[in-house]
Structure formats: C-alpha cells, structure tokens
Amino acid sequence: MPVATLLPFTATPNRKSASPTSFRLTEKFILLLVFSAFITLCFGAIFFLPDSSKLLSGVFFHSSAVETNTRIGPDSGDPGSAGNDERVLAKIRKDHEKALLEAKDTLQKRPDEIKQDILNDKDKVAKESLGQGGNDVNSLPFVEYHRPPGATGHEPEDPVAKERRAKIKEMMKHAWGSYRRYAWGSNELRPVSKQGHSSNLFGSIKGATIVDALDTLYIMEMFEEFDAATEWVEKNLDFNVNAEVSVFEVNIRFVGGLLSAYYLSGKEVYRRKAVELGEKLLPAFKTPTGIPWALLNLKSGIGRNWPWASGGSSILAEYGTLHLEFMHLSKLSGNPDFAQKVMNIRKVLNRLDKPQGLYPNYLNPNSGQWGQHHVSVGGLGDSFYEYLLKAWLMSDKTDEEGKKMYYDALQAIETNLMRKSSGGLTYIAEWKGGLLEHKMGHLTCFAGGMMALGADGAPSDKTGHQMEQAAEIARTCHESYARTALKLGPEAFRFDGGVEAIATRQNEKYFILRPEVIETYMYMWRFTHDPKYREWGWEAVQALEQHCKVEGGYSGVRDVYASTPNHDDVQQSFYLAETLKYLYLLFSDDDHLPFDHWVFNTEAHPLPVIRKDKTDIPNEPTRLWVFLCGAAASSRLRPPAPACRIVSPL
Ligand code: DMJ
C-alpha cells in the first residue's frame, strides 16, 4: 500500500471533492488507527526525548560548567543532577538526625560532663588556632599586651644606694660590652683569652648570654644594647638544630629569658621564639610516666638521661624546674599541653611514698620509682622546692597543691636536714639513705631567699620562725665568703672534721660567679630592710671587682682560699642573668619588679603573676564561644549569630 493512501488529510486530485461520509468502514478504521498511533508517539516524545536545552548547550555552547563536570566525572556532585539532589537530601537528613542525637546525648549528660566536653572543644580549637599539629608558631592567637608594673625602676633617693646601683650598671656594661666585642653570638665569653665559649648544655643553640642577659639589659635601661640583642634574636636565634640539649638548662635560660623579655618589652618576637622553643621541648615528656628526659635531641625528639644518674633516673631539680615557664607558655600560646605536662609531674610525685616526707633526687621515668635515696636542697634538688613555692605565688595564690607540697617539703627538710653547728651556724646538710653528709653547697644558699619569700604564707604561725631560719642561712652563707682569702664563696663548704663553713676538698674551692648568696641578700633586704644585707652585697661587689674582673670581662676563680686569683676563663651567662641583676635590685627601691607582681624563675628571669581576676595579664589568647543553634551545640572563636543561645565563654 502506497504511503499516500494512508494519509487521511493529504489531498489527492480524485478525492478533493469527496465527502468524508463517503469513506468506507474499513477506511475509517485504518484512519483511526493511524491517528491514535500518531498521538501516542507525540505523547511519548514528551517523556523520552532528551532535554533540548541541555542537548543544545552540550553541542553548541561549550560552557565552563559542562567542561568542569566533564573533568571531574559523573560523581562530582553536580547540584543540578537528580542523583546529586538525592545525595544532598540524604546528607541533610543525616546531619539532622546526627544533630538530634547529639542534642539528646547532651541533655542526658551531667553538668560536669558537659563542662569537660566544652573544655575539650576549647583545647581542640586552641590547638587548631596554632596550626597543624600545634606547631605553627606564626599563627599564635592574638594577645593584648599589658606591661606589668615595675618593669623599670627609678634612682634611689639614698645617695649611697644610688651610687652603688650605678656601679653595678657599670659592671654590667663591662660584662656585656666584653661579650659583645669578643664573643658575640657564642654562648659564653672566655674573658681572659677573649674569645667565645660554648658549653654542650645547649647543643648547637647559640647566644645563651644574649638571651640570658636580655631582661637585665632592660631593667637597667640599657635600651641600645637591648635593641642590638633583639636584632640578633630576630635574625640568628635558631632552634632548628640537630643537637642534644639539657631540657632544664634550655628551659630556665632560653625559655625563661625569652618569656621575661616578652613581658618586659611586649615584643612579639620573644613570645614567638619562646613558644617555638617550648614546642621543641615537648617530646622530652614522651616517657611511660610523663617524667621528662634530662637530654633531648631537638631534631629527632629522642630523649635520654644523664649516663651518671642513678639507675637511668631523671633529676628532681631538672624535671621539677619547668613549671613556671610551662604555665606561661600555655597562657601565651593557647596550647594547654605545656600546663598539662607539668601538672602531670606533680601527679606522679604525689602518688609516691616519700621517705620521711623527703623527695629523693632520682626518679626513674620508665618505672616511676625513686632511684638512689639522696636528698639535697643544693645541686640535683634545689629549684624543685623553689618552683613549688613560686608556682603558688605566680598563680595569685590559687595553686593550693603547689603550696601544700612546698610547706610539707620544707617541714621535712627542717626536721631531717637542717642542723646547727657547734659554732652556732645553721646549715642544710645532704641526706643519703638516712645518713647526713654535713656539707652545704653554694647552690643551697638560695634557700635563705626562698624561705624568706615563703615565710608570709607559712602555716600554723610559722612565719616568724621561717624568717629567722632564712636569716640564719643568709648568715651562714655570708660566713662561707668571709672565711676565704678572696672573700668569695666556695662551691661547697663543710661542717665536719673541725671546720665550719669552709671547703676542705680541693675540688670544692672554686667560685664560678654564682648568684645564690647575693640572691638571698636581695630577698632578705626586701623583707627586712636590715642594712647589713646591702653591706654584705657590697662586700661581694668589691671582691668581684678585685679578683674576677679582667680586661675582657669577669672570670670565675679556681680557689677562693688562694691569695691571688687563678682565673678559670669563663664568664658564665648566669653572671649577667642573675648575679648582676640581684645586685642591682639589692640597691634599687622595692617597687622595681615588686614581688606582688613578679616571680623570678630560677635563672632570675622575672615572670608576671597570673591574676585570678585576669586584670593585669596579657594572657587570654583564645575566647571560645559555645552555643546552641536550634538543637545543635557548636563552638567557634567568634560570637555566634544572635538567634543562637550562648552557653559559654564560661
Ligand atoms: C643557675 O643556672 C640557676 O640558678 C640554677 O637554678 C642553678 N645554678 C645556676 C647558677 O648557679
């Protein structure tokens, strides 16, 4: 059948005039069939033909959207596609369910659990604000800087004090100027041979004298020198070294020095460097107990203990002298790790039995057990006790745990270690498994100052007694100087074999410019204003000038009992950090670095008291907003939208 015959309305010459009524029944049926088939086809086309606009855009308009989709493939989440709509809907549904579950969960929690969750979130955000892994010190949180009171002083009215104070500044100029001339950038100066000196305590970190002296330069208002030192720190102080350092020494001198320089000057570089170095020290705490290693390779993060330490132990005066600096590092960085690490040290110590209430100097970081039972308030033990007291003072007297540990320890020391010689000199002996060695180190002489500082807070009316003990220790230590030829104190002195406050062994007769005796004079002067302490300090100044001063700086001496000095050719960095600073403060008025605002770390670096009412401290680096929007709890560093209910800042 020709096609033309199947088309009902196609005119053909012979049918043009034909009437429809003239179709036969079969023809009508065929026409109906064709017509309905055509309608079905058109209707179906609506559903099955591709979308023309898309088809056209794909063919004629090479749009970027199409290109992008082609590149990233069919599952790329094209929001226009039906599959993606499905996925988006599914995600919304899932998030909604999750939020409901979380809200339900939160409602079932106890308030303390909710608080802990908030703190965890806060920690997390604080860490994130430090960058990945908490290591990016360039992204430290913003801290508003407020200089604590008394960063610089003024000339004393008393003409003698004024003149003596000026003299000590001259001494600092000589020590610093010589270092700058002969050893700039080295850790220390050899003042006799006029060259640099590096102790392996600092690995290959450089510039110990610069960092240790920063705050002394500042408080003596040697600002030109301070600026030169700042420039050196900015350009040269580098902690990216593949070297093993003493965690304790690096902490007290470098971290402490940088923190003080920050608090005195407000210069950000010091905060940044302190936190950077602090982060580098954290791997030292990777031990089974969290008691840190003594030595740490700053690159590999591998730690170990001094090979000579009893049974692989860590040393009390080392792991116990991190607290002040680490609390400030947490404050300035927003990273709670520092504080947690040092608080954990206390936890370990508080779990252990203490022989007669005493703390042995050796503790194994793997087993958490004491090593040899050797107790000392001098070398190996000293600054642990100092930091317990100062942690309490630095916390604005809120750290009750530190306070209790200090006064309990002091009581045990008084009972078991403090003795009076037949000549009436009070001293602090060393304790070895229950037996006393009647020897007192120069280092132990700091205890006079510590006891004076703590006397005011002593329990059960012991304030007066502790002040008396402090004064007795100061007197004994002064005697140890007065009984030498050079009027400088030996490294250790004994109360046995018929002698009192005298070194009997050749290897204990040296003086290396240490500060502890002068430190005690300074505290005693501040608390009593008894002029003898200034006189004793002045005697030490004269001896230093006479026997330690050389053309190229100041040097230690090998034998304080010899009539002429034999120089050891080292100008220790603590001479500038501590000895000269304490002398300067001894002849300054009490409002210079006042004790109610500042606490000195064990290297004499002043750190501000952290106020409980947060009034004068630059230490609120992060403010975390925790809020409820609908049912979902969230947290972030900015305030939430007004519609949300704020749960915290707490
Ligand atoms: C300083 O580094 C510190 O005072 C430390 O606590 C003990 N020894 C020296 C100074 O003698």
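Whatever comes next refers back to the structure up there.
Residues numbered from 1 in each chain as written. Predicted model: local features only at pLDDT ≥ 70, side-chain atom pairs only at ≥ 80, totals over all residues. Heavy atoms only, no water.

Draft legend 1. Main features of the side chain of Asn361. Tracing the chain through its elements places Asn361 in the loop between helix H13 (337-351) and strand S7 (362-363). Residues in contact with Asn361, not counting those within four places in the same chain, are Ser314, Ile315, Leu316, His374, Val375, Ser376, Gly379, Leu380 and Gly381. (Helix = DSSP H or I, 4+ residues; strand = E, 2+ residues; numbered from the N terminus. Contact = heavy atoms within 4.5 Å.)

Draft legend 2. Seen up close, the packing of aromatic side chains. Throughout the structure, instances matching the rule amount to 29 aromatic pairs. Measuring from ring centre to ring centre gives 5.6 Å for Phe527 and Phe595, while their planes differ by 40°; the resulting arrangement is tilted. Taken as a pair, Phe527 in helix H18 (residues 516-528) and Phe595 in the loop between helix H20 (573-586) and strand S17 (598-600) lie far apart in primary sequence, 68 residues in all. By relative accessible area, Phe527 is classed as partly exposed at 36%. For the ring pair Tyr533 and Trp536, a centre distance of 5.5 Å and an interplane angle of 85° mean the geometry is edge-to-face. Of the two residues, Tyr533 and Trp536 are both situated in helix H19 (residues 531-548); the distance of three residues between them amounts to about one turn of the helix. Using a relative accessible area of 12% as the deciding quantity, one classes Trp536 as buried. Of the aromatic side chains, those joined through ring pairs into one cluster are Tyr523, Phe527, Tyr582, Phe595 and Phe600. Its guanidinium or amino end placed over the ring of Phe595, Arg526 lies 4.6 Å from that ring's centre, counting from NZ or CZ. (Phe/Tyr/Trp six-rings, centres within 6.5 Å; stacked < 30°, edge-to-face > 60°. Buried < 20%, exposed > 50% of the residue type's maximum accessible area, 1.4 Å probe, protein only. Lys NZ or Arg CZ within 6 Å of the ring centre and 35° of its normal.)

Draft legend 3. Inspection of the sheet that holds strand S12 (residues 435-437) at higher detail. Judged by pairing direction, the sheet is antiparallel, and its three strands sit side by side in the order S8-S11-S12 without closing on themselves. In this open sheet, the two strands that pair with only one neighbour each are strand S8 (374-375) and S12. Of the strand pairs in this sheet, S8 and strand S11 (residues 430-432) are connected by two bridges, and their pairing is antiparallel. If you follow His374 over to S11, its bridge partner there is Lys432. (Pairing = 2+ DSSP bridges.)

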